[in-house]
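Below are the chains, spelled out letter by letter.
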Amino acid sequence: MEQQDMLRAIPKVDELLGMEPLQALAGQTPAPALREAVREELEALRRRILAGDTDHIPNREDLCAAVCRRAREASLPSLRGVVNGTGVTLHTNLGRACLSRRAVEAVVAVAGGYSTLEYDVDAGRRGSRHSHVEALLCAVTGAEGAMVVNNNAAAVLLILSALGKGGEVITSRGELVEIGGSFRVPDIMVQCGCALREVGTTNKTHLSDYEGAITPETRALLKVHTSNYKIMGFTESVPLAELVALGRERGLPVIEDLGSGSLVDLEQFGIHGEPTVQQSVQAGVDIISFSGDKLLGGPQAGIIIGRKDYIETLKKHPLARALRVDKMTLAALRETLYAYTDPAMAVREIPTLAMLAVPEHVLREKAELLCRALADRGVTARTVPTQDQVGGGSVPTQLLPAWAVAIDPGRLTVDGLEAALRRRERPIIGRITHEQYLLDTRTLWESDFDYIAEASAEVIG
Ligand SMILES: *Cc1c(COP(=O)(O)O)cnc(C)c1O
């Protein structure tokens, strides 16, 4: 066909839109997006003709199929599920904790309809959104009162704004933490209108340092869990109980930012030295905050527990309204906390705990299973022992023994394989160590093995 004839033979946008396959898509795709996909496909064809890259007009069916692919790609949300092959259980970039099945079901149950979010069904009038988790939080932690805000950064912001504003808050120099995303304890203090009174040195802080710094301006004593780093060697910090005793004696609230806030003793999984929330409550800390989506394994949230009168003050603070959580978060958090009323159930049902609990030999079996799934598709792979980080700025210095699968990139380079799997519609995120492409089995679901094998076979070709 001559170029001019071909250009004239390009179908009209409306003609393609009227064809059956695109009509079928029309109900599920926004009309402007579908029209744009058709326009782009026809424009691409026009360019191919002008460049002399084609000698015929594809048939209508092929054009429609190409438009469907385009429309589908354009409609993919940037926020979507991935396969986590990094072995990092709480990967902040990959959304931290995976919710339990029950928590997901609870979200679905309230998301699409009306709910009792702020409605007391017994009284037939307005209720409190805090009520859905407060009693459970008190039951599982032993605290007197509890509330929930958007995340732990928000929790610290609210606590310091409500209890520290206009005065000084005393903190050890060894605990002036920076969490990712520019959350820094000294900067937060400024934001909250309180002055940071640093005491002690980087490696050692004594009770007398806190004592000596108390003035009429002091509003609180703050302890921050150094979640994402560890100072080793010649170090000393003040035991919680002593800080609490000092606070009591001087009538000052003792606040603790626990960071991860585990409700179970992680010693059972071979993770040493991570404090539990219950220990802080038992030590008598007045106000404690921690994240919902770190070691707790729930939705993004900032949990605040402690003395009832302080919690009431926080609930009434104007910032509380700005930092409040929605019904989906509360639904997921309620189910997560409910599992903790039976710690064995929590370890079974909450994916974060279940992943940390998997023994090494099971990870090895999982790796062998993935190797077989890959081999079935003609992809060469082998198991390799590795070590996993917990992630989420938790337990930074401890690595868990683990097993990964190293996939042979075949005709690709290792970098090429990594990129090709990462760019799938459902991205597969692995890591490259010592020139090997690794998928770590701790964070993989067995139900994804076929998908991984199929995608690998396809990209390696
Ligand atoms: C992670 C962390 C935070 C921030 O918690 P988010 O829930 O991510 O906002 C604050 N303080 C400490 C000590 C942390 O470890």
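Report follows, based on the coordinates. (Residues numbered from 1 in each chain as written. Predicted model: local features only at pLDDT ≥ 70, side-chain atom pairs only at ≥ 80, totals over all residues. Heavy atoms only, no water.)

So, about the side chain of Glu418. Considering the arrangement of structural elements, one finds Glu418 in helix α19 (residues 414-422). Under the relative-accessibility criterion, Glu418 is labelled buried at 16%. In contact with Glu418, not counting residues within four places along its chain, are Ile432 and Tyr437. (Helix = DSSP H or I, 4+ residues; strand = E, 2+ residues; numbered from the N terminus. Buried < 20%, exposed > 50% of the residue type's maximum accessible area, 1.4 Å probe, protein only. Contact = heavy atoms within 4.5 Å.)

Near the ligand lie 13 residues; those nearest to it are Ala153, Ser227, Asp257, Ser291 and Lys294. Take Ser227: an N or O atom from its side chain is 2.4 Å from an oxygen atom of the ligand. Within the complex, 94% of the 380 Å² of free accessible area of the ligand lies under protein. Of the residues in the shell around the ligand, the class split is four nonpolar, six polar and three charged. (Near = heavy atom within 4 Å. Polar contact = N/O pair within 3.5 Å; in protein donor to acceptor, adjacent residues only side chain to side chain. Areas by Shrake-Rupley, 256 points an atom, 1.4 Å probe, with all protein chains shown as cover. Nonpolar A, V, L, I, M, F, W, Y, C, P; charged D, E, K, R; others polar.)

On to the packing of aromatic side chains. Counting across every chain of the model gives zero aromatic pairs. Looking at Arg334, its charged tip hangs above the ring of Tyr338, at a distance of 4.4 Å from the centre. Directly above the aromatic system of Tyr451 lies the positively charged group of Arg426, at a separation of 5.4 Å from the ring centroid. (Phe/Tyr/Trp six-rings, centres within 6.5 Å; stacked < 30°, edge-to-face > 60°. Lys NZ or Arg CZ within 6 Å of the ring centre and 35° of its normal.)

Position of Pro30 relative to the elements: it lies in the loop between α3 (20-26) and α4 (31-50). Given a relative accessible area of 52%, Pro30 falls into the exposed group.

Quick look at the pattern of salt bridges now. Counted according to the given criterion, the structure contains 37 salt bridges. For Arg307, the salt bridge goes to Asp309, with nearest N and O atoms at 2.7 Å. Taking relative accessible area as the criterion, Arg307 reaches 31% and is therefore assigned partly exposed. In this structure, Arg364 and Glu368 form a salt bridge, with 3.8 Å as the shortest nitrogen-oxygen distance. In this pair, Arg364 and Glu368 both sit in helix α18 (residues 360-376), four residues apart, roughly one turn of the helix. Taking the relative accessible area as the measure of exposure, Arg364 reaches 39% and is therefore partly exposed. Relative accessible area serves as the criterion here: at 33%, Glu368 is assigned to the partly exposed category. A single network of salt bridges, built from pairs that share partners, joins Glu118, Arg126, Arg129 and Arg324. (Salt bridge = Lys/Arg side-chain N within 4 Å of Asp/Glu carboxyl O.)

Moving on, we get to the packing of α19 against helix α20 (residues 449-460). One way to put it is that α19 packs onto α20 with a least axis distance of 10 Å and a crossing angle of 125 degrees. Accordingly, the angle class assigned to the pair α19 and α20 is oblique. Helix-helix and strand crossings are classified by hand; for α19 and α20 the assignment is right-handed. Contacts between α19 and α20 involve Leu417, Ala420 and Leu421 on the former and, on the latter, Ala455, Ser456, Val459 and Ile460. A class-by-class count of the residues in the contact of α19 with α20 yields six nonpolar, one polar and no charged. (Axes fitted to C-alpha atoms, helices over the stretch in contact; angles between N-to-C directions. Parallel < 35°, antiparallel > 145°, perpendicular 65-115°, else oblique. Left-handed = near helix turned anticlockwise from the far one by under 90°.)

What follows concerns the sheet that holds strand β12 (residues 302-306). Taken together, seven strands build an open sheet; the order of strands is β4-β12-β11-β10-β9-β5-β8 and the sheet is mixed. Two strands lie at the open edges of the sheet, namely β4 (145-149) and β8 (195-199), each paired on one side alone. Within the sheet, the average angular offset between the axes of one strand and its neighbour, ignoring direction, is 25 degrees. The sheet contact formed by strand β9 (residues 218-224) and strand β10 (residues 254-259) spans four bridges and is parallel. Bridge pairing in β10 places Lys223 opposite Glu256. Where helix α7 (residues 131-141) meets the sheet, its contacts fall on β4 and β12, and the angle it forms with β4 comes to roughly 120 degrees. Its contacts with the sheet put helix α11 (residues 240-250) on β9 and β10, and the angle it makes with β9 is roughly 175 degrees. (Pairing = 2+ DSSP bridges.)

The subject of this paragraph is the pairing of β10. Look at any regular strand and the pattern is simple: side chains alternate between the two faces of the sheet. Burial analysis of β10 places six of its six residues in the buried class, the great majority of the element. Neither face of β10 is left uncovered, since the one carrying Val254, Glu256 and Leu258 and the one carrying Ile255, Asp257 and Gly259 both have all their residues buried. This β-α-β element, β9 to α11 to β10, shows right-handed connectivity. Tracing the backbone out of β10, into helix α12 (residues 277-282) and back to the parallel element strand β11 (residues 287-291) gives a crossover that is right-handed. (Right-handed = clockwise from strand over helix to strand, strands pointing away.)

A few words on the sheet that holds strand β13 (residues 381-388). Strand pairing in a sheet relies on backbone hydrogen bonds, with the paired strands running either antiparallel or parallel. Ordered in space as β13-β14-β17-β16, the four strands form an open sheet in which the pairing is antiparallel. The outermost strands of the open sheet, each flanked by one partner alone, are β13 and β16 (431-433). With strand direction ignored, the average angle separating the axes of adjacent strands in the sheet is 45 degrees. Bridge count for β16 against strand β17 (residues 436-440) is three bridges, and the pairing is antiparallel. The partner of Thr433 across the bridge, within β17, is Gln436. Packed on one face of the sheet, α18 meets β13 and β14 (400-407) and runs near 10 degrees to β14.

Fair warning: the whole summary comes from geometry, so function is off the table for now.
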